[in-house]
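Each chain, written out:
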Amino acid sequence: MTTLATKDSGAIQKIEKFSSDIACLLKRFRSSEIDSELECNDDLHLVKNLKDLADQIEFTRKEVIYDSRQFIAKMNDGAKALISQLDDLEQAISSKILGWMYRLEKDASETKEKAVALSNKLNIPISVLSVDKISIRSEHMTVTKKTALEHEVTDESTVPREYLSVDEEKVKKAIKAGIRHIEGVKIFENETVQFRRR
């Protein structure tokens, strides 16, 4: 346990050491407007230093968490595989229980039909309980049949427009390819500044 705590504090110190570098860069930042080429170059140099420092921090972060990421990935993969086996088993049991519930419903329906037929034959009014929902209970579980509406698209071209969504990636590719007019889409320029290190 001590090794883990020591490793954690060492990792945190590796990242925290960048705080003083950031403080130095913050001191160099001027909030006033740029009035000369020299000031512009100073700010560009500051941006280069910011990006270099960000790269160093990211490299250190990746270096520190590399073993942890591999461990976490193995744990996630192992757990997912085990849970998948449990899900498959649960699905198989669910199918069996659903079949049993269908038989119970069929038996209840047949019994109800026989009771109604006997009632009619003997001309004796009887009340028959309706069995709408079969529920199975055990010491540990209760099972009820649940019906949910689902959907499957069979012909995309006939789906009403309000149920469709815009393919953002396709729109971006079209704009990049030179398309400047797409019905229902506003295409406009948005200016930003892009920095590149040399």
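The coordinates are above.
Every value quoted in this text rests on a predicted model; they were computed, and no experiment measured them.

**Student:** What exactly am I supposed to notice about the overall build of the protein here?
**Tutor:** Scanning the protein from N- to C-terminus turns up 4 helices and 2 strands. Along the protein, helices and strands appear, N-terminal first, in the series α-α-α-β-β-α. Its C-alpha atoms give the protein a radius of gyration of 34 Å, clearly above 16 Å, the size a compact globule of 198 residues would have. The principal-axis extent of the C-alpha atoms belonging to the protein is close to 110 × 65 × 30 Å. Of all 198 residues assigned to the protein, the portion counted as buried reaches 7%. Taking the contacts inside the protein whose residues are at least 6 apart along the sequence as the reference set, 51% of them involve residues at least 24 apart. Of the accessible surface of the protein, which amounts to about 18,500 Å², a share of 56% is contributed by carbon and sulfur atoms.

**Student:** In this structure, what is going on with the environment of Arg 30? I would like to understand it.
**Tutor:** Within the element layout of this structure, Arg 30 appears in the loop between helix H2 (18–28) and helix H3 (37–122). Spatially, the C-alpha atoms of Arg 30 and Asp 42 are 9.8 Å apart, while their sequence positions differ by 12 residues. With sequence-adjacent residues up to four places away left out, Arg 30 is seen in contact with Glu 39, Asp 42 and Asp 43.

**Student:** Honestly, the packing of H2 against H3 in this entry has me stumped. Any pointers?
**Tutor:** Each pair of packed helices can be described by the angle between their axes along with the distance between the axes. Interhelical geometry of H2 versus H3 gives an angle of 165 degrees and a closest axis separation of 11 Å. Viewed along their axes, H2 and H3 adopt a mutual orientation that is roughly antiparallel. Crossing hand, H2 versus H3: left-handed. Residue-level contacts link Phe 18, Asp 21, Ile 22, Leu 25 and Arg 28 of H2 to Asp 42, His 45, Leu 46, Asn 49, Leu 50, Leu 53, Gln 56, Ile 57 and Thr 60 of H3. When grouped by side-chain class, the residues that make up the contact of H2 with H3 number 7 nonpolar, 4 polar and 3 charged.

**Student:** Before we go on, may I ask you to explain the pattern of salt bridges in this structure?
**Tutor:** Between side chains of opposite charge, pairing is possible as soon as their charged atoms come close. Across all of its chains, the model carries 5 salt bridges by this definition. Ionic pairing is found between Lys 145 and Glu 105, a salt bridge with its closest N-O pair at 2.8 Å. Here Lys 145, found in the loop between strand S2 (142–144) and helix H4 (168–176), pairs with Glu 105, found in helix H3; they are 40 residues apart in sequence, far enough to count as distant.

**Student:** Please explain the environment of Leu 44 as it appears in this structure.
**Tutor:** Topologically, Leu 44 is positioned in helix H3. The class for Leu 44 is partly exposed, based on a relative accessible area of 42%. Spatially, the C-alpha atoms of Leu 44 and Val 116 are 90 Å apart, while their sequence positions differ by 72 residues.

**Student:** What is the right way to look at a nonpolar patch on the surface in this model?
**Tutor:** On the surface, a cluster of nonpolar side chains totalling about 370 Å² of accessible area is made up of Leu 118, Leu 122, Ile 124 and Ile 126. As for its placement among the helices and strands, Leu 118 is situated in helix H3.

**Student:** Would you mind going over the packing of aromatic side chains with me for this structure?
**Tutor:** For any two aromatic rings, the description comes down to two numbers: the centre-to-centre distance and the angle of the planes. According to the stated counting rule, one finds 0 aromatic pairs in the structure shown. In this structure, Lys 17 is placed above the aromatic ring of Phe 18, and the distance from its NZ or CZ to the ring centre is 4.6 Å. Over the ring of Phe 188 we find Lys 186, and its NZ or CZ is 5.2 Å from the ring centre.

**Student:** Teacher, can you tell me more about unusual backbone geometry here?
**Tutor:** Negative phi values dominate among residues other than glycine, just as trans dominates among peptide bonds. Look at Asn 123: it is not a glycine, yet its phi comes out positive at around 55 degrees. Its location among the elements puts Asn 123 in the loop between H3 and strand S1 (135–137).

What counts, and at which threshold
- Residues numbered from 1 in each chain as written.
- Predicted model: local features only at pLDDT ≥ 70, side-chain atom pairs only at ≥ 80, totals over all residues.
- Heavy atoms only, no water.
- Helix = DSSP H or I, 4+ residues; strand = E, 2+ residues; numbered from the N terminus.
- Rg over C-alpha atoms; globule rule 2.2 N^0.38 Å.
- Buried < 20%, exposed > 50% of the residue type's maximum accessible area, 1.4 Å probe, protein only.
- Contact = heavy atoms within 4.5 Å.
- Areas by Shrake-Rupley, 256 points an atom, 1.4 Å probe, with all protein chains shown as cover.
- Axes fitted to C-alpha atoms, helices over the stretch in contact; angles between N-to-C directions.
- Parallel < 35°, antiparallel > 145°, perpendicular 65-115°, else oblique.
- Left-handed = near helix turned anticlockwise from the far one by under 90°.
- Nonpolar A, V, L, I, M, F, W, Y, C, P; charged D, E, K, R; others polar.
- Salt bridge = Lys/Arg side-chain N within 4 Å of Asp/Glu carboxyl O.
- Patch = residues over 30% accessible without salt bridge, like charges linked within 9 Å, V, L, I, M, F, W, Y side chains within 5 Å.
- Phe/Tyr/Trp six-rings, centres within 6.5 Å; stacked < 30°, edge-to-face > 60°.
- Lys NZ or Arg CZ within 6 Å of the ring centre and 35° of its normal.

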